[in-house]
Each structure stands twice: as structure tokens, then as C-alpha cells.
Amino acid sequence: MAAKSFTCLRFAGVVVLLLQASACLGDTLRVAVASNFSATLALLQPDFERASGHRLQLIPGSSGRHFAQISNGAPFDLFLSADAERIRALEAAGRINAGQRRVYALGRLALWTREANQSVSLDRLATLAASERVAIANPRLAPYGQAAVRALTARELYAVVEPSLVMGENVGQTFQFAYSGSARFAFVAYSQVLSAPEPGSYALVPDDDYEPIVQEMALLKESEAAHALFDYLSSPAIAPVLERAGYYAPNSH
Amino acid sequence: MLTASDLDAFLLTLQLAAVTTLILLLLGTPLAWWLAQTRSRLRGPIEALIALPLVLPPTVLGFYLLLLLGQDGPIGQLMVGMGLPALAFSFWGLVAGSVVYSLPFVVQPLQTAFAGIPRRLLEAAATLGATGSDRFLSVVLPLSRVGYLTAIVLGFAHTLGEFGVVLMLGGNIPGETQVLSIAIYDHVESLQYSQAHWLSGILLVFSFAVLLTVYALNRRGFRVSVP
């Protein structure tokens, strides 16, 4: 008897929760956002919500997973990818209408160590001891990893550093490798360096050493609210916020 | 410290684990009974099928469930055809995924418990005129109490700690499919380490308390049943 009423309570709880979720669905936008940009979007969120009256629900994650989920009908309104390729693949598959994708930010690559007051530079990596590790995001999956490989190759350091490389699944995990001390250095997003729990020491990798890390977004559902966010994120007005957070605004570069 | 969405994630996780465990007990009991009694040649393949989630990486399971339950998948199409929403990215989709994922953790202890019941006890009960349901309620159930307890604890705990399947199948939607393990992962990914610590600590203490209570109850139950 007790077990039965317990069960009923659980079911009632679930029903209430589902009702609540559907009740506020009308003016709430679900935004699938690349992990590296989610803190920045959270900075912009109050401003957008105040100005537009719509609410945002941020769903951070790896762009590869978001892509698989959107391809299978995930109920997202907007997708801010960590790259341009996946957005183009969505367009090619007919998941988004023509013209409903835009560049929203350019990522910047940094070399970071947890140790404070260090002078960090790419060239110093050549003098690493054999036991020291350098973390990069898996270049097969992550644009920041590709950029890191390109920068090392441009400096003719790749062959020297390669035995020390460890790979994170994405740039978030790559940061954790260095934050936990498992790796002495990590190639991470400059945006992560700026929001790191500990400042550590870093050097920005010169822009000329790698291809720009183009982050594109796509409008997945047609609605007034989704269009409002899509336009807001491509307006020049937010450029200073982007730059403070460690990105270049799309047209500034 | 904890935000409203962290609290949502915690409640949602409890709901998911409770609903999943309940469904698993209802499904698992007849299944385990059949497996414990049958001499069918199908027994081997079905046991292997049930044990698969123990071996498969959860992300693989989650990906296949996503393809199966998503709007273009066979089950998703069936649901949409019946005028229902596709299961992927909903609470009930997570329940479906968790039932598959935690199935062996409920079926295996029950099967072991059922197999340990001496046949002659059931036969004796039958000769005394006990019907099938009588025999189940007054012979099988009391004798497999420990099996049920183990099944409930493992089913609940395994669903509580689930990650790969719900991440893939749920879409990480706050208040609907964002369970605790995913909320923690989010915090770690976005460098909010102190919030991640808080949530992990809560999960750790809560899980430990649940297990401790159950094992304490279990030991007391033993003493009472052995005079």
C-alpha cells in the first residue's frame, strides 16, 4: 500500500514536471551551444532577455553530439557550433534553410600552463623534458586541435613536440588535462584562459600560424524569437563582449 | 552554490531512477522467472541479449537508441504515426533507455534468487492446494527477498549514475532530460569547477547514504528471519 502511493506520487511528480516544461515552451529558446562558447553566451543572455522579452535555455555540449542529435530531431531552436563544417553539413542535409547560417565568432588559440608567472612561448616547447606532456584537442574532432597542429607545423616544432602530445576529446577536456597538472602545457581556446578558475600563465598563438577558427551558427526553427536571437548574435553591438571574452567578432578580422 | 537548474537535475535524476526501477521490477520478475525455470534453447541467446548493456559502451547504446527512437527511426516513426511525440529528447525516452541499460542489473539477481528456490517447496505448496499466485506471493517472494533488494538497489543506483545513454538520447534539456551526471559534466566542461564539486559531493553523499541504509536494513532483515 505504501509502495503504491509512493509510485503514484512519483508519477504525479513527472506529470507536473512535464506540464511545467510545456507551459513555458512558448517563449523559451533552446540553444545548443559549443562548450567553448557557452560561458560567453551566458554573459550575453541577460542583455538579450531584457531587450527581447524571450528566455534562453543553454544546452552546452560538443558540437559533434549536437550535430547527431539535431540530425535526429532534437528540439533546439538555434545551434552555435564550434566549427563551420557541421553547420554546412546540416545545410547540405536540408536541415536548415538556405542563408540561415552565419559566422558568430572567430576563436583564438592560446598556449596555457597552470603555473603562475611563467614566460610561455611556443618555442619553449622545443626544450621540454621527455616526461612532460602537452595537451591538444583531438585534431580529428576539434578545430582548436587542428589549429594547434598547424601552428606547431608552421614553427617546425611538430616533430619535436609530437612524442609529448596527449589528446583531449574536445578543448574542454584538454584544458582539464593542464588544470589538473597531468599535462604541463595545453593548447586551448583563449576564451577558456580568460575564464579559468586559476589564471596560470599563457601566450596567444600568433594569428598567422593557423587558419582562423570559424565558429558558425544555424537557425533551426522559424520563429520570431529565434530570429531575434539570430540577429542579436550577429549584430556589431556585441563585438566588445566577444572580444573581452577572447574571440574576434566576425567582421573585425 | 546550487542553482535552480541544479536542483531540477537532482529531482529529475531521482524520478528517473525510481520510475525505471519500478518498470524494471514489473518487467524483470516474469523474465527472470522464465529464465530460472525454462529449459528452452532460447535461454542462452536471451541471457546474452540481456547482459549486452554490461559490455557495450553506453555511448554506443545511446547512439543506437537515438537512431531507433528519433523522429526518423523505426520506433520514432511508429510513435509519430500514432500521433505521439517521438521518444528521443523526452523524459520517457530516458526511461526507455534506462530500462534497457539497467535491465541486467535487475534481471540477474532475481534470476539467481529464483533459481535458488528448491523445487520441492513449490511442489509441496501445490499439493497443499496453493494456486500459482499463492505460491508466488507466499513462497517465492519471501524466499527471494534478498534478490529483490539487490535488484532494486542495483537498478536504482545504476540509473542514478547513468551518463552516456542519457547524454546521447536526452539532449541535455534542463528540467526535462538534464540529469545530475550531465549537469556535473556541463559544469566541468564550462570550467565551473566549484559547482561541479558541489553537485558531485551531493551525489556521492546521497548514494552512500542510500546504499548504507539498504545494507543496514538487509542485515536486520536477516536477523529477524533467522530465529
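Residues numbered from 1 in each chain as written. Chains lettered and ligands numbered in written order. Predicted model: local features only at pLDDT ≥ 70, side-chain atom pairs only at ≥ 80, totals over all residues. Heavy atoms only, no water.

**Section: the nonpolar core**
General note: in soluble globular proteins, nonpolar side chains tend to be found buried as a group.
And step 1. Ranked by internal contacts, the top residues of the largest apolar core, which has 68 residues, are Leu 80, Phe 187 and Leu 233 of chain A.
And step 2. Taken together, domain 1 (2–107 + 212–252) and domain 2 (109–204) of chain A each give at least three residues to this core, which thus spans both.
And step 3. Formed by 29 residues, the second largest nonpolar core is a distinct cluster that contains Leu 35, Leu 94, Val 106 and Val 140 of chain B. (Core = buried A, V, L, I, M, F, W, Y, C linked by side-chain atoms within 4.5 Å. Buried < 20%, exposed > 50% of the residue type's maximum accessible area, 1.4 Å probe, protein only. Domains from an automatic or database assignment.)

**Some words on the domain arrangement of chain A**
All names here are of chain A.
And step 1. Per the domain assignment, the segments of chain A are domain 1 (2–107 + 212–252) and domain 2 (109–204).
And step 2. Approximately 870 Å² of surface area, both sides summed, lies buried where domain 1 meets domain 2, with 60% of it carried by carbon and sulfur atoms.
And step 3. Among the residues domain 1 hides against domain 2, the three largest losses belong to Asn 36, Ile 213 and Gly 246. Together they make up 45% of the total.
And step 4. Counting across the domain 1 and domain 2 interface gives zero salt bridges.
And step 5. Along the contact surface separating domain 1 from domain 2 lie two residue pairs in polar contact (both at pLDDT 80 or more). (Buried area = accessible area lost by both parts, 1.4 Å probe. Salt bridge = Lys/Arg side-chain N within 4 Å of Asp/Glu carboxyl O. Polar contact = N/O pair within 3.5 Å; in protein donor to acceptor, adjacent residues only side chain to side chain.)

**Quick word on the interface of chain B and chain A**
And step 1. If you look at the interface, chain B gives 30 residues, while chain A gives 36 residues.
And step 2. Both faces combined, the contact of chain B with chain A buries some 2,800 Å², and carbon together with sulfur accounts for 63% of it.
And step 3. When the area that chain B buries against chain A is broken down by residue, the three leading residues are Glu 189, Leu 191 and Tyr 193 of chain B, summing to 22%.
And step 4. Where chain B touches chain A, the interface holds two salt bridges.
And step 5. Connecting chain B to chain A are six residue pairs in polar contact (both at pLDDT 80 or more). (Contact = heavy atoms within 4.5 Å.)

**A short note on the pairing of strand S5 (residues 109–113) of chain A**
All names here are of chain A.
And step 1. Most of S5 sits out of view: five of its five residues are buried.
And step 2. Taking every second residue as pointing to the same face, both faces of S5 are buried, with Leu 109, Leu 111 and Thr 113 on one and Ala 110 and Trp 112 on the other.
And step 3. When S5 meets strand S8 (residues 185–189), the two strands line up antiparallel, connected through four bridges. Each residue of the ladder has a partner; that of Trp 112, found in S8, is Ala 186.
And step 4. Note that S5 and strand S9 (residues 201–204) share four bridges and pair antiparallel. Its bridge partner lying in S9, Ala 110 is registered against Leu 204. (Helix = DSSP H or I, 4+ residues; strand = E, 2+ residues; numbered from the N terminus. Pairing = 2+ DSSP bridges.)

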